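Chain and residue survey
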Amino acid sequence: MIFYFTATGNSLYVAKQLNETRISIAQAIHDREKIYTADKIGIVCPVFGHEVPPLVREFLAGSTFRTDYFYMILTYGNRHGGAAELTQKLLEDLGIHPSYINLVLMADIFLPGFDMNEQKALDKNVDGQMERILQDIVSGKEYIAPVTDTDRAAHREYLDRTAEMSDDVFSRTYRITEECIGCGICTKVCPKKCLHMEGQKSVWNPEGCMMCMACIHACPMMAIQMRMPEKNPKARYRNEHISICEIVDANNQWGEDTFR
Ligand SMILES: Cc1cc2nc3c(=O)[nH]c(=O)nc-3n(C[C@H](O)[C@H](O)[C@H](O)COP(=O)(O)O)c2cc1C
């Protein structure tokens with residue numbers, strides 16, 4: 001049994017390699033009774049600011065996992081900042097004892113920091129990394145990815161920097177331009193229902209937004225832009241092995257009325 005959260009498909013691609021029953025966290029978060037039982041239970045998700053995304057944290061905190069082997073695979077793009085150690089601590093605080101935590105370096109979807117055309121051109125050897133991880137999971141290896149003092153310092157520096165940001169930074173994250181054609185795709189890839197249609201235009205509501213960037217990357221018109229400077233406002237990303245329908249299926253919060 002594997003739970004995943006994905007914005008642009010990287011973590012779903014990893015989850016699909018594991019060949020287990022796959023459950024989207026954006027959907028499972030609504031389960032009334034979150035008690036899950038399996039021989040092995042895994043979570044795959046991206047790293048946000050060196051930690052697990054808020055939605056995943058909420059899911060972990062509200063769930064009971066009955067298993068002998070709990071593992072996490074974190075996808076990241078550039079600098080993990082000790083994510084394995086931070087995640088281990090989070091899990092232990094929640095009474096979950098991880099057998100295995102590992103990381104996969106993939107395209108970095110953080111638009112203020114990276115140009116997606118450059119990220120797509122880089123070969124980060126994802127399949128090579130996955131080969132080792134798959135062997136580990138199959139053999140039930142006990143392992144937590146190592147963390148150095150440099151990683152910890154990077155995280156401290158990040159915390160100091162974000163502490164200086166103003167409280168309304170999230171409410172100023174996105175703007176929707178005149179290019180919007182009202183296709184509604186953004187509303188259906190958002191795991192938090194932060195976008196809706198008004199007439200032929202999409203409207204973004206900052207409440208609950210965790211800045212996962214699923215909407216901005218999925219917009220076929222590139223009509224969603226960040227208010228902070230982007231490296232390349234004309235480049236967007238989706239994992240090459242994952243379709244837009246798979247991201248909609250994973251994240252759509254609007255029930256049966258699904259875009260096809
Ligand atoms: C809000 C946000 C924060 C991120 N923070 C980090 C980070 O601290 N370190 C890093 O290496 N990558 C970071 N990333 C990049 C993602 O972890 C990475 O691209 C991931 O593979 C995306 O997975 P997905 O396609 O399944 O959503 C961040 C991305 C977003 C959207």
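Since the model is a prediction, treat every value here as computed from it, not as a measurement.

Criteria and cut-off values
Residues numbered from 1 in each chain as written. Predicted model: local features only at pLDDT ≥ 70, side-chain atom pairs only at ≥ 80, totals over all residues. Helix = DSSP H or I, 4+ residues; strand = E, 2+ residues; numbered from the N terminus. Rg over C-alpha atoms; globule rule 2.2 N^0.38 Å. Buried ≥ 20, exposed ≤ 12 C-beta atoms within 10 Å, placed from the backbone. Contact = placed C-beta atoms within 7 Å. Pairing = 2+ DSSP bridges. Domains from an automatic or database assignment. Nonpolar A, V, L, I, M, F, W, Y, C, P; charged D, E, K, R; others polar. Near = placed C-beta within 6 Å. Core = buried A, V, L, I, M, F, W, Y, C linked by C-beta atoms within 7 Å. Right-handed = clockwise from strand over helix to strand, strands pointing away. Arc of directions from axis to C-beta.

Across its full length, the protein carries 10 helices and 12 strands. Since a compact globule built from 260 residues should have a radius of gyration of about 18 Å, the 18 Å found for the protein is in line with a globular shape. Along the first, second and third principal axes, the C-alpha atoms of the protein reach 50 × 40 × 35 Å. By the burial criterion, 38% of the 260 residues in the protein qualify as buried. Expressed as a percentage of contacts within the protein between residues at least 6 apart in sequence, the contacts between residues at least 24 apart total 75%.

Ordered in space as β2-β1-β4-β6-β7-β8, the 6 strands form an open sheet in which the pairing is parallel. Of all the strands in the sheet, just β2 (22-24) and β8 (143-144) have a single pairing partner and so form its edges. Direction of pairing for strand β4 (residues 40-46) relative to strand β6 (residues 69-76): parallel, over a ladder of 7 bridges. Bridging from a neighbouring strand, valine 44 pairs with isoleucine 73 of β6.

Let's shift gears to the environment of threonine 177. Along the chain, the position of threonine 177 falls in the loop between β9 (174-176) and α8 (185-189). Leaving out residues up to four positions away in the same chain, threonine 177 has contacts with Ala223 and Gln225.

As far as domains go, the protein holds domain 1 (2-160) and domain 2 (167-251). Taken together, the contacts link 23 residues of domain 1 with 24 residues of domain 2. A per-element tally of the side of domain 1 that touches domain 2 places helix α5 (residues 116-121) first, with 4 residues. Looking at the side of domain 1 that touches domain 2, its residues break down into 13 nonpolar, 8 polar and 2 charged.

Before going further, it helps to examine unusual backbone geometry. Of note in the backbone geometry, histidine 50 takes a positive phi value of approximately 70 degrees without being a glycine. Along the chain, the position of histidine 50 falls in the loop between β4 and α3 (54-61). The residue lysine 193 is not glycine, and still its phi comes out positive at about 55 degrees. One can find lysine 193 in the loop between α8 and β10 (195-198). Here lysine 193 falls in the partly exposed class, since 17 other C-beta atoms lie within 10 Å of it.

This paragraph deals with the site of the ligand. Near the ligand there are 27 residues, and of these Ala7, Asn10, Ser11, Pro46 and Thr75 occur at the shortest range. Elements that contribute at least two residues to the shell around the ligand include exactly α1 (10-17) and β6. In terms of residue class, the shell around the ligand is made up of 12 nonpolar, 13 polar and 2 charged. Residue assignment places the shell around the ligand across two domains, with domain 1 (2-160) and domain 2 (167-251) each supplying three or more.

Moving on to the nonpolar core. Counting residues in each nonpolar core, the largest one holds 61 residues, and the members touching the most others are Tyr4, Val56, Cys186, Ala214 and Cys215. Split by domain, the residues of this core number at least three in each of domain 1 (2-160) and domain 2 (167-251). Once you skip the residues sitting within four places of it in the chain, tyrosine 4 turns out to touch Ser11, Leu12, Ala15, Arg22, Ser24, Ile25, Val44 and Cys45.

With that settled, the discussion passes to the pairing of β6. Here β6 runs beside strand β7 (residues 100-105); their pairing, made up of 6 bridges, is parallel. Each residue of the ladder has a partner; that of tyrosine 71, found in β7, is tyrosine 100. Running through helix α4 (residues 83-93), the crossover from β6 to the neighbouring parallel element β7 is right-handed.

A few words now on helix α10 (residues 244-251). Among the residues of α10, Ile247, Ala250 and Asn251 are the ones counted as buried. The arc that holds the buried residues of α10, viewed along the axis, is 75 degrees, so those residues lie on one side. The elements touched by buried residues of α10 are α1, β2, α2 (25-28), α8 and α9 (214-218).

Now for the pairing of β7. Where β7 lies against β8, 2 bridges are found, and the strand directions are parallel. The partner of isoleucine 101 across the bridge, within β8, is isoleucine 144.

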